[in-house]
Amino acid sequence: MEQTFLMVKPDGVQRGLVGEIISRFERRGFKLVAAKFERLPDARVMEHYAEHVQKPFFPGLKAYITSGPCFLMVFAGKNIVKISRDMIGATNPAGAAPGTIRGDLALEIGMNVIHGSDSVETAAREIGIHFKPEELASYTRIDEQYLY
Ligand code: RTP
Ligand code: MG
């Protein structure tokens, strides 16, 4: 089953939104496969955001993402990469559709609550940055027969 990497950013943690965000993905039918709660070390921030390191907003992004603990997750399900990006909404919450996580819970691009992998390849790369293979759980959701 397809997997993705999702992360509640420090603003989401500090606003008490971790439970709400996990719930949205669980209720949609996606399976929680791994989770951890930690402040990201600098080296992993550089690796995770390698495509943005040279951009003008990167120093602010790095300061924000390391300002407190993040809640890191791997979720699995059919088409999860595309569906979770749709559930998260536009990068800038000012233009994110109501019903999306950013459209319901955020206002500013600099504090947009959650990260989600943008392709299947990115998901594999990001899961590998943040989790060891043995940290990914294997189990059956009791409702899988009604979801698929
Ligand atoms: P993410 O990677 O966090 O899921 O967000 P995304 O794909 O929607 O956006 P991306 O283009 O990958 O940008 C990564 C994060 O960098 C911050 N950002 N700030 N000030 C700016 O212009 C700006 N642009 C991007 C945001 O926190 C964004 O989520
Ligand atoms: Mg991105």
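Because the structure is a prediction, the values reported are computed rather than measured.

Looking only at helices and strands, one finds 8 helices and 4 strands in the protein chain. Beginning at the N terminus, the succession of helices and strands in the protein chain can be written as β-α-α-β-α-α-β-α-α-β-α-α. Computed over C-alpha atoms, the radius of gyration of the protein chain comes to 15 Å, within 12% of the 15 Å expected from 2.2 N^0.38 for 148 residues, which places it in the range of a compact globule. Summarising its shape, the C-alpha atoms of the protein chain cover approximately 45 × 35 × 25 Å along the three principal directions. Taken over 148 residues, the protein chain has a buried fraction of 32%. For the protein chain, contacts bridging at least 24 residues in sequence account for 72% of all contacts bridging at least 6.

Around ligand 1 sit His-52, Phe-57, Leu-61, Thr-91, Ile-109, Gly-110, Asn-112, His-115, Gly-116 and Asp-118, and that is every residue in its neighbourhood. Residue composition of the shell around ligand 1, grouped by class: 3 nonpolar, 6 polar and 1 charged.

Here we come to the sheet that holds strand 4 (residues 114-116). Hydrogen bonds along the backbone pair up the strands of a sheet, which may run parallel or antiparallel. Overall, antiparallel pairing links the 4 strands, which are arranged 2-3-1-4 in an open sheet. Two strands close off the open sheet at either side, each with one partner strand: strand 2 (31-38) and strand 4. With strand direction ignored, the average angle separating the axes of adjacent strands in the sheet is 15°. Note: strand 1 (residues 3-8) against strand 3 (residues 70-76), 6 bridges, orientation antiparallel. The partner of Thr-4 across the bridge, within strand 3, is Phe-75.

Another point: helix 7 (residues 120-130). The α-helix winds at 3.6 residues per turn, so residues separated by three or four positions along the chain end up facing the same way. Among the residues of helix 7, Ala-123, Glu-126, Ile-127 and His-130 are the ones counted as buried. Down the axis of helix 7, the buried set is contained in an arc of 105°. They therefore lie on one face. Opposite the packed face of helix 7, turned more than 90 degrees from it, sit the exposed residues Glu-121 and Gly-128. Where helix 7 is buried, its residues touch strand 1, helix 3 (42-48), strand 3 and helix 5 (80-88).

Per the UniProt annotation, the sites labelled "domain: Nucleoside diphosphate kinase-like" (unreviewed entry) are residues 1-138. Regarding residues 1-138, the helix share stands at 41% and the strand share at 17%, and the terminal C-alpha atoms are separated by 11 Å.

Let us look at the pairing of strand 1. The buried fraction of strand 1 is high, at 6 of 6 residues. Residues of strand 1 alternate between two faces, with Gln-3, Phe-5 and Met-7 on one and Thr-4, Leu-6 and Val-8 on the opposite face, all of them buried. Pairing geometry for strand 1 and strand 4, over 3 bridges, is antiparallel. Note that in strand 4 the partner of Met-7 across the bridge is His-115.

Reading the values: rules and limits
Residues numbered from 1 in each chain as written. Chains lettered and ligands numbered in written order. Predicted model: local features only at pLDDT ≥ 70, side-chain atom pairs only at ≥ 80, totals over all residues. Helix = DSSP H or I, 4+ residues; strand = E, 2+ residues; numbered from the N terminus. Rg over C-alpha atoms; globule rule 2.2 N^0.38 Å. Buried ≥ 20, exposed ≤ 12 C-beta atoms within 10 Å, placed from the backbone. Contact = placed C-beta atoms within 7 Å. Near = placed C-beta within 6 Å. Nonpolar A, V, L, I, M, F, W, Y, C, P; charged D, E, K, R; others polar. Pairing = 2+ DSSP bridges. Axes fitted to C-alpha atoms, helices over the stretch in contact; angles between N-to-C directions. Arc of directions from axis to C-beta. UniProt positions renumbered as here; feature names shortened; annotations may be inferred.

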